[in-house]
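Residue strings, one per chain:
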Amino acid sequence: MDYEDQLDRALEQSPDIAEGGARFEVPDPEVRPEGHVTVWENFEATHDRLARDPDHLVRFMQSELGTSAHIDDRGRARFTGDFKQRRVSEALDAYVDQFVTCSECDSPDTRLIEQQGTTVLKCDACGAISSIPDL
């Protein structure tokens, strides 16, 4: 089998990506009020998709929303106060911009690492290392 045949075979077996579709999509936060708190129902799926520590994400969200929060025994984030889905989504977008996507190549294939006593964002796609804000 020559190169062209192998390439055709690989393309046939590859999943189709819709035109204009992104390979990396962050789930929309599913929030609902529960008494005097706002519950983020799919918090666990979100931090799994972002490949980030849930405590790091919830600390950032607390800062962005200006409230206290914790993760309950079912893996949901609970914020003190009434927050609309749009506000939580805007804060999540800010987190993705600052702590997930590479500033050089916009790849989501990154991780937070310790380097010389500080946490930085390392891109697995292009190798760039970017500073991140302190929480």
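About the criteria used
- Each chain carries its own residue numbering, running from 1 in the direction its sequence is written.
- Given that this is a predicted model, residues contribute local features only at a pLDDT of at least 70 and side-chain atom pairs are listed and counted only at 80 or more, while totals for whole chains, interfaces and linings are drawn from all residues.
- Hydrogens and water are ignored here; the side-chain numbers use all heavy atoms of the structure.
- Helix axes are fitted only over the stretch in contact, all axes being lines through C-alpha atoms; the angle between N-to-C directions runs from 0 to 180 degrees.
- A run of H or I in DSSP becomes a helix once it reaches four residues, and a run of E becomes a strand once it reaches two; helices and strands are each numbered from the N terminus.
- The labels follow the angle: roughly parallel below 35 degrees, roughly antiparallel above 145, roughly perpendicular from 65 to 115, and oblique for the rest.
- Should the near helix be turned anticlockwise from the far one by less than a right angle, the crossing is termed left-handed; should it be turned clockwise, right-handed.
- Contacts were defined at the residue level, with two residues in contact if any of their heavy atoms lie within 4.5 Å.
- For this classification, the nonpolar set comprises Ala, Val, Leu, Ile, Met, Phe, Trp, Tyr, Cys and Pro, the charged set comprises Asp, Glu, Lys and Arg, and every other residue, Gly included, is treated as polar.
- What makes two strands pair is DSSP finding at least two bridges between them.
- Residues forming no salt bridge and having over 30% relative accessible area are the ones grouped into patches, like charges within 9 Å of each other and nonpolar side chains (Val, Leu, Ile, Met, Phe, Trp, Tyr) within 5 Å.
- Per-residue and other accessible areas were derived by the Shrake-Rupley procedure at a 1.4 Å probe size, with only the shown protein chains allowed to occlude residues.
- Put simply, a salt bridge is a Lys or Arg side-chain nitrogen that is within 4 Å of an Asp or Glu carboxyl oxygen.
- Charged-residue counts in this description rest on Lys and Arg as positive and Asp and Glu as negative, His and the chain ends being excluded.
- Charge coordinates come from a single atom per side chain, which is NZ of Lys, CZ of Arg, CG of Asp or CD of Glu.
- Each residue is assigned to one of three classes by its accessible area relative to the maximum for its type, calculated with a 1.4 Å probe on protein chains only: buried under 20%, partly exposed between the two thresholds, exposed over 50%.
- Within 3.5 Å is the distance limit for a polar contact, defined as a pair of N or O atoms, with the added protein rule that one can donate a hydrogen and the other accept it, and that residues adjacent in sequence qualify only through two side-chain atoms.
- Among buried residues, those of type Ala, Val, Leu, Ile, Met, Phe, Trp, Tyr and Cys that are joined through side-chain atoms within 4.5 Å constitute a nonpolar core.

A.B. asks: Can you lay out the packing of helix α3 (residues 54-65) against helix α4 (residues 85-99) for me, pointing to particular residues and giving the numbers?
C.D. replies: Close contact between α3 and α4 brings their axes to 10 Å; oriented N to C, the two are set at 125°. Between α3 and α4, the crossing angle belongs to the class labelled oblique. In terms of crossing hand, the pair formed by α3 and α4 is right-handed. Counting all contacts with α3, which are made through H56, L57, F60, M61, E64 and L65, the residues of α4 involved are R87, V88, A91, L92, A94, Y95, Q98 and F99. Counted by class, the contact of α3 with α4 contains ten nonpolar, two polar and two charged residues.

A.B. asks: Outline the sheet that holds strand β3 (residues 69-71), supporting the account with residue identities and numerical values.
C.D. replies: Here we have four strands laid out as an open sheet, ordered β1-β2-β4-β3, and antiparallel in their pairing. Looking at strand neighbours, the two that pair on one side only are β1 (31-34) and β3, the edges of this open sheet. Pairs of neighbouring strands in the sheet enclose a mean axial angle of 25°, with direction left out of account. With four bridges connecting them, strand β2 (residues 37-40) and strand β4 (residues 77-80) associate as antiparallel partners. Counterpart to W40 in the pairing with β4 is A77.

A.B. asks: Before we move on, can you summarise a negative patch on the surface with the specific residues and values?
C.D. replies: Together, D2, E4, D5, D8 and E12 make up a negatively charged patch on the protein surface. Tracing the backbone shows E4 in helix α1 (residues 3-13). Relative accessible area serves as the criterion here: at 46%, E4 is assigned to the partly exposed category.

A.B. asks: Run through the side chain of R76, naming residues and quoting values.
C.D. replies: Structurally, R76 is set in the loop between β3 and β4. At a separation of 3.4 Å, a polar atom in the side chain of R76 contacts the side chain of E41. At a separation of 2.8 Å, a polar atom in the side chain of R76 contacts the side chain of D72. Residues within four places of R76 in sequence aside, it is in contact with R32, E34, V39, W40, E41, F43, H70 and I71.

A.B. asks: Report on the nonpolar core, specifying residues and quantitative values.
C.D. replies: In terms of nonpolar packing, the biggest core is built from 24 residues, with W40, L50, L57, M61 and F79 touching the most fellow members. Looking at this core, the elements that each hand over two or more residues are α2 (43-50), α3, β4 and α4. Looking at which element gives the most residues to this core, the answer is α4, with seven residues. Among all residues touching F79, those that are not within four sequence positions of it are H36, V37, T38, W40, V58, M61, L65, T67, S68 and A69.

A.B. asks: Would you mind going over the sheet that holds strand β6 (residues 118-123) in detail, with residue names and values included?
C.D. replies: Pairing within the open sheet is antiparallel, and its three strands lie in the order β5-β6-β7. Looking at strand neighbours, the two that pair on one side only are β5 (110-115) and β7 (129-131), the edges of this open sheet. Taking the axes of each pair of neighbouring strands and ignoring which way they run, one obtains an average angle of 40° across the sheet. Here six bridges tie β5 to β6, and the two strands are oriented antiparallel to one another. Counterpart to E114 in the pairing with β6 is T119.

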